[in-house]
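Breakdown of the fold
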Amino acid sequence: MSLDPSFVGRTYPPTAPYQVGREKIREFASAIGAADPAHHDPAAARALGHQDVVAPPTFPIVLTLAASQQIIDDPDLGVDYSRVVHGDQRFAYTRPVVAGDELVCVSVIDDVSSRGGHGFLTTRTEVATAAGEPVVTVWSKLVVRGEG
Amino acid sequence: MELPARTFRVTRADLIRYAGASGDFNPIHWSDRTATKVGLPGVIAHGMFTMALVGRAVAEWAGAPDAIVDYNVRFTRPVVVPDDDEGTEIEVTAKVREVTEDGLTRLDVTAVCGGEKVLSQARATVRTAR
């Protein structure tokens, strides 16, 4: 699958603000077996200096998966989603996500390449509060497998 | 320095629960019919579920749920989860690569399932416990 390298640097419009809920963090933490009280009990989170329960480190994928969908769905780029495999994933945090955050994602195409019949697409999503405070930067490298 | 190994058991029920919590409903994580159609041996775990379990191990080693400041992995092999009560197991180990002067610890992490590495270049940077 060959992807057009001229898409590198393309920035997509900001997503609608995502309201991080206390119950959503608890649900996500429970689903991965993360029992630390700071994920579940606001008092435990406050004792660590946070305003409310703290999300586990990979929680931002809940937002960024949806945000990067606008790149995957971009008809001009032409990614065949049924051929997409997750290659690499990185999170670089300014601070942890906590309940009560209102977060906006801006996604950028960082890199596009083709090798051995496969396409490689690296997206970067800057996650910030609606007020503009940076929270976490998330990179995903997707492999678009070639035919046959 | 080697950190104590952690083992995580993963069953189909865990994948369904993770799908609901994360919003990732790709059918290769719950439908054998779909998984085999795209050439997989069967239903596989979400890569992000494996990454989440490893993140748990790292946070527990670091001694704080908010200690991780940077975390990256490469997904090298799928974690196949059979439709039975036992599921499969992921074993996570890590060693300290570097302790920086500004209070950060860099870890090299390994995750193995069925004798094969399922992640490569898995690295985490954590704040040293307060």
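All of these numbers come straight from a predicted model, not from anything done at the bench.

Let's shift gears to the overall build of chain B. Along its length, chain B carries three helices and six strands. Ordering the α and β elements of chain B from the N terminus gives β-α-α-α-β-β-β-β-β. In terms of overall size, chain B behaves like a compact globule, its C-alpha atoms giving a radius of gyration of 16 Å where 130 residues would be expected to give roughly 14 Å. Principal-axis analysis of the C-alpha atoms gives chain B an extent of 50 × 30 × 25 Å. The buried share of chain B, taken over its 130 residues, is 50%. As presented, chain B carries roughly 6,300 Å² of accessible surface, and 49% of it is formed by carbon and sulfur atoms. Taking the 16 positively charged and 18 negatively charged side chains of chain B as two groups, their mean positions are separated by 4 Å.

All names here are of chain B. Although it is not a glycine, Gln-121 sits at a positive phi angle of roughly 50 degrees. You can see Gln-121 is positioned in strand S6 (residues 119–127). The class for Gln-121 is partly exposed, based on a relative accessible area of 47%.

Where the parts come together, the accessible area they lose is often given as the size of the interface. Counting from both sides, the interface comprises 30 residues of chain A and, opposite them, 25 residues of chain B. At the boundary of chain A with chain B, total buried surface from both sides reaches about 2,400 Å², with 57% on carbon and sulfur atoms. Linking chain A with chain B are two salt bridges, by the criterion used here. In this structure, the salt-bridge partner of Arg-74 of chain B is Asp-88 of chain A, at a minimum N-O distance of 2.9 Å. If you look at where chain A meets chain B, you find 10 residue pairs in polar contact (both at pLDDT 80 or more). Contributions of two or more residues to the side of chain A that touches chain B are made by helix H1 (22–31), helix H3 (61–72) and strand S2 (84–93) of chain A. For the side of chain A that touches chain B, the element with the highest residue contribution is S2 of chain A, accounting for eight residues. Here the residues of the side of chain A that touches chain B sort into 15 nonpolar, eight polar and seven charged. In the sheet, S2 of chain A pairs with strand S2 (residues 68–75) of chain B via five bridges, with the strands oriented antiparallel. Note on S2 of chain B: the bridge partner recorded for Gln-89 of chain A is Val-73 of chain B.

Residues and elements named next belong to chain B. One can find Arg-12 in helix H1 (residues 12–22). Residue classification places Arg-12 among the buried residues on the basis of a relative accessible area of 14%. Separated by 2.7 Å, the side chain of Arg-12 and the backbone oxygen of Val-81 make a polar contact. Setting aside residues up to four positions removed in sequence, Arg-12 forms contacts with Asp-32, Val-43, Val-81, Pro-82 and Asp-83.

About the criteria used
Residues numbered from 1 in each chain as written. Chains lettered and ligands numbered in written order. Predicted model: local features only at pLDDT ≥ 70, side-chain atom pairs only at ≥ 80, totals over all residues. Heavy atoms only, no water. Helix = DSSP H or I, 4+ residues; strand = E, 2+ residues; numbered from the N terminus. Rg over C-alpha atoms; globule rule 2.2 N^0.38 Å. Buried < 20%, exposed > 50% of the residue type's maximum accessible area, 1.4 Å probe, protein only. Areas by Shrake-Rupley, 256 points an atom, 1.4 Å probe, with all protein chains shown as cover. Lys, Arg positive; Asp, Glu negative; His and termini not counted. Charge placed at Lys NZ, Arg CZ, Asp CG, Glu CD. Contact = heavy atoms within 4.5 Å. Buried area = accessible area lost by both parts, 1.4 Å probe. Salt bridge = Lys/Arg side-chain N within 4 Å of Asp/Glu carboxyl O. Polar contact = N/O pair within 3.5 Å; in protein donor to acceptor, adjacent residues only side chain to side chain. Nonpolar A, V, L, I, M, F, W, Y, C, P; charged D, E, K, R; others polar. Pairing = 2+ DSSP bridges.

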